[in-house]
Amino acid sequence: MNSGSENEDSPNSDWEAWVASHAPRLLLYARQHARCEADAHDLVQEAIVESWGRQPDDSPPPLALVFATIRRRAIDLARTEDRRSNRESRVAEDTNHVWFDSGVEDRERDRLLQKAMSSILDIYREVVILKVWGELTFAEIAEALDIPANTAASRYRYGLEELRKLTKENFP
Amino acid sequence: MTDREQQEFEAALRNTRLVKLPEELRSRLLAAAPPKKARSAPPWPALAILGWLRVLRLALPAAAVVLIAAVVVWRNASPSRPSPAGSKSTSGVLAAAPLKADDVKIEHDLVSSFDTLARLPGGEPVRFRCNQWLDEVTFSNKAQGLVLQERTPRLEIVTVGFETY
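Worth saying up front: this structure is predicted, and the values here are computed from it rather than measured.

Contact with chain B, which involves 29 residues of that partner, is made by 38 residues of chain A. Grouping the amino acids of the side of chain B that touches chain A by side-chain chemistry returns 16 nonpolar, 4 polar and 9 charged.

All names here are of chain A. Running from amino to carboxyl end, helix H3 (residues 63-81) crosses helix H7 (residues 138-145) at an angle of 30°, the nearest separation of the two axes being 8 Å. Judged by the inter-axis angle, H3 sits roughly parallel to H7. Judged by the sense of rotation from one axis to the other, the crossing of H3 with H7 is right-handed. Contacts between H3 and H7 involve Ala64, Phe67, Ala68 and Arg71 from the former and Glu140, Glu143, Ala144 and Leu145 from the latter. Grouping the amino acids of the contact of H3 with H7 by side-chain chemistry returns 5 nonpolar, no polar and 3 charged.

We now examine unusual backbone geometry. Residues and elements named next belong to chain A. In the Ramachandran plot, glutamate 135 falls in the positive-phi region, its phi being about 60° despite a non-glycine side chain. Structurally, the position occupied by glutamate 135 is in the loop between helix H6 (122-133) and H7. Even without glycine at this site, aspartate 146 takes up a positive phi of about 60°. Tracing the backbone through its elements, the reader meets aspartate 146 in the loop between H7 and helix H8 (149-166). Judged by the 10 C-beta atoms lying within 10 Å of it, aspartate 146 is exposed.

Conventions and cut-offs
Residues numbered from 1 in each chain as written. Chains lettered and ligands numbered in written order. Predicted model: local features only at pLDDT ≥ 70, side-chain atom pairs only at ≥ 80, totals over all residues. Contact = placed C-beta atoms within 7 Å. Nonpolar A, V, L, I, M, F, W, Y, C, P; charged D, E, K, R; others polar. Axes fitted to C-alpha atoms, helices over the stretch in contact; angles between N-to-C directions. Helix = DSSP H or I, 4+ residues; strand = E, 2+ residues; numbered from the N terminus. Parallel < 35°, antiparallel > 145°, perpendicular 65-115°, else oblique. Left-handed = near helix turned anticlockwise from the far one by under 90°. Buried ≥ 20, exposed ≤ 12 C-beta atoms within 10 Å, placed from the backbone.

Read these as geometric descriptors, not functional statements.
Right, here's the structure in full:
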């Protein structure tokens, strides 16, 4: 599990490096669960601070823990504000924020990938994001989502197949 | 989709870079840097207690055996002492005969078993299984109608598993 580096002499630069390295993938995951971009930002910040606070020392928290915290907080938020029923459609409708940026020449491909990601099932998309961009193992995904590792693996494969069908022309 | 196609597709997806963090969120996160914590956390008292329990688990049965042996030796040594009244009492008769157990029983009864949870300094839950045993050692001499019984309660704590997420 990638949990970053630690240097006693420069805690701020370590923190900055950790944020730069991991916050984008956490934000991508938070966007899948949040009603709007502002909620996603709040989820990322609260989950990082909470997870880091639970560490016994200054070491960065495991990414799986931060992902799990984002998910738990998003569910709590949805329950509180009765937003859960609209979550799936919201993700598909939220096209104001781009998820990928591979460069000008791949912009169209990135847009189609985001569209394809938005159209696959929530449970598949979640696992694909955690595996591909979150770089978690199936065991870590299973812990983060509270599902068996085999289920995580099969959801990943189904999700990839769906994505492959939808993006076949752009990802030969 | 074959395994090879899947691997190629995964590689292509991984090459898709995520969009940079919005500056507003980046600023918020940098401002929310966690304060440094003390390096040396105090030792967890429960760990010391568990260590002592492990020692006691071995020491208690040994102490019981030593105690029984001491009683037997003491009973054997009693006839050599002069009787204060000079008369043979019932206990004196018993003590005069060499004490030899013709039956020894050692039993371990499981009184109860339950699970309990504790937390490591990092907050990770760890589950223990606690077994309450009653160790019973019985020496008997049917000829003299003598029964010596020693019962020792014992608490056995076994780590079942670390439950992390």
